[in-house]
Each structure stands twice: as structure tokens, then as C-alpha cells.
Amino acid sequence: MSTITETPRRLRRGRSKGIERSRGQRAIAQIAFVVGAIAVWELVALSGLLPPALLPRVGPVLIALLELLVTAEFWAAVGMTLGGAMLGLLISAAIAIPIGLVAGTATFIERSIRILVDLGRSFPSIALLPVIMLFYGTTMPTKLIAIVLACVFPLIVQTLYGARAIEHSIIETSRSYRIRFGYYFLRVALPTATPSIMTGLRLAATIAVLVSVGVEIVGGLPGIGSGLSRAQLDGATPIAFAYFIVAGNLGYLVTRVAEIAEERFLRWRASTND
């Protein structure tokens, strides 16, 4: 009896060790790639193939980055960019998740909105920015509308696919027992679609940060993007590169946080599969 109970534990321990080993290898590979990219950057800058106005050396960029990190203005810009991205993501989730769940459980609704969803997710929201600015100017609603337009349609698709993954036997059982739609919606459709929803939120979080920075560059709204644009106009290429590095790392940080949240939130699914 003890041997039978110890076997799953050993399997879980071996699996966790394998996961930790793969994570360590992935971290080493990522660090090596970053170091190699920096080395190539420095070599190209030293070779003179590109003028310093287009590609500065690594040293001045790092100095500019360190100078930015100790200023309150920089952290205020980071807060504006990240705050706008997360608020737009929350609004997108509040709109997309209910629509995706309803469409995934009702075939005729899914067919009705299919064309609109396909059109919306293939259309770049930044292209609508001049039109949005005509109504709202360079204000926070402009950024939020652009982020919502970019995030809501991918979230609808992910939620819809997750809701459609419900087994046919569960659907038939719910119909046989005449379970109310609200109960079915919360107790069956939402838990089944949760893994797909979490994946959609992770992807949409990165999109939200990118769109937030893009709107700030194009529209001049306060944030990392406006700092980058202002540095380019002033000819301060190292500062512009420093803002560019911050924007990239901010997107990476948001992605990693979303991945960790997804792993924590879906831990019950892994235990169920075991």
C-alpha cells in the first residue's frame, strides 16, 4: 500500500526537478543571448558602419539609463504607461470574457459575431488613433480606447475557443437536467474556459503595453513613449535608446508576471491531470 502511494509522489518530484532543470537551462540560454546581442551591438557601433546618431555605443546608453532610473519623472512616466496598459486590459477583459463565453456556448451567436471579431483582430488599432484623437484629444481615454480595441478581440477569440472545449456529454447532461443558463455559465463554461482565458490575458497584457507605448509616441501622451519621442527630437540618441530598452523590459516583465500568475492560478488543473 505504501509503495502504491509513494509512486505518484516520486513521479511528481521527478517532474518538478525536470521543470526546474529546464527553467535553469532556459535562463542560461536567455542570458547568453542578451550578452551576445550586447556584444554585437558594441562591435557594430565601434566599426562605424552606422553613425552614432543612429546607433550609439553601449556605454553612453547605460549611463543615460542609470541617470533616468534616479529621476522621479522617469518613474512617473513608467507609472503612466503601465497604469494605462493595465486599466485598458481590465476593461478589455470585462467586455471580452462575457461575450466569448456566451458566444462559445451559443452557436448562433458565435456565427453572428464571427465576421466582426475576425475583422477587429486583424485591424491595427493604431491606425484609428487620428480619428480617436479628433474626439478625445491627447487624453487618457484616447489611450484606453486604442488599448481596448487592440486587446478585446483576441480575448474574445481565446475565451470562445475555451468555452467550446466543453465535452459534448457535459452539454447533454446539462440539457437533460435543465440546468439554468446562469448556473451553467458560471459553474461549467467559465471553469472550462479558464485556461484559455488566462492564455488570452497573458497575450493581451503584452499587447496592452506595446499599444500604450505606441500611443504615447504618436499622440504625445505622457509616458515612456513620449519620453522616447522627445529624446529623438532633441537628438539625444542614448536617452532614446535607454527609453527603448525600458519599454522592452517592461513588456517582458509584464509577460513574466502574467506567466507566473497563469501557473499559480491553473495549478488545480495540473493536480487534476495527475
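Details of the structure are given in the entry above.
Counting restarts for each chain, with residues numbered from 1 along the sequence as it is written. Residues qualify for local features only when their pLDDT is at least 70, as the model is predicted, and side-chain atom pairs are given and counted only at 80 or more; totals for whole chains, interfaces and linings, by contrast, use all residues. The basis for the side-chain values is all heavy atoms of the structure; hydrogens and waters are excluded.

## Remarks on the nonpolar core
- Core analysis: the biggest nonpolar cluster contains 50 residues, and L101 and I224 have the highest contact counts within it.
- By the criteria applied, helices consist of DSSP H or I runs no shorter than four residues and strands consist of E runs no shorter than two, each listed in order from the N terminus. Of all the secondary-structure elements, those providing two or more residues to this core are α2 (58-69), α3 (72-105), α4 (107-122), α6 (140-163), α8 (181-219), α9 (224-233) and α10 (237-265).
- Here this core gets 13 residues from one element, more than from any other, and that element is α8.
- Note on contacts: a residue pair qualifies if any of its non-hydrogen atoms lie within 4.5 Å across the two residues. Not counting the four nearest positions on each side in its chain, I224 is found in contact with A77, V78, T81, E216, Y243, V246, A247 and L250. In plain words, nonpolar cores are sets of buried Ala, Val, Leu, Ile, Met, Phe, Trp, Tyr and Cys residues tied together by side-chain atoms within 4.5 Å. Residue burial is assigned from relative accessible area. The probe radius is 1.4 Å, only protein chains are included, and a residue is buried under 20% of its type maximum, exposed over 50%, and partly exposed in between.

## Overview of the packing of aromatic side chains
- Two rings belonging to Phe, Tyr or Trp (six-membered ring only in the last case) form a pair when the distance between their centres is within 6.5 Å. Interplanar angles under 30 degrees mark stacking, angles over 60 mark edge-to-face geometry, and anything in between is tilted. With the rule as written, the count across this model stands at 3 aromatic pairs.
- Each ring, one from F74 and one from W75, has its centre 5.1 Å from the other, and the planes form 75°; the classification is edge-to-face.
- Classification of W75 by relative accessible area gives partly exposed; the value is 47%.
- Considering the side-chain rings of F74 and Y243, the 6.3 Å spacing of their centres and the 50° angle between planes classify their relative orientation as tilted.

## Quick look at the pattern of salt bridges
- Criterion for a salt bridge: a side-chain nitrogen of Lys or Arg within 4 Å of a carboxyl oxygen of Asp or Glu. According to the stated counting rule, one finds 5 salt bridges in the structure shown.
- Ionic pairing is found between R57 and E42, a salt bridge with its closest N-O pair at 2.7 Å. Residue R57 is found in the loop between α1 (2-47) and α2, and its partner E42 is found in helix α1; the two are separated by 15 residues along the sequence.
- By relative accessible area, R57 is classed as partly exposed at 42%.
- Here E259 and R256 are joined by a salt bridge, their closest N and O atoms 2.3 Å apart. With E259 and R256 both in helix α10 and 3 residues apart, the pair spans about one turn of that helix.
- Its relative accessible area of 27% is what places R256 among the partly exposed residues.

Distances and angles like these do not, on their own, reveal function.
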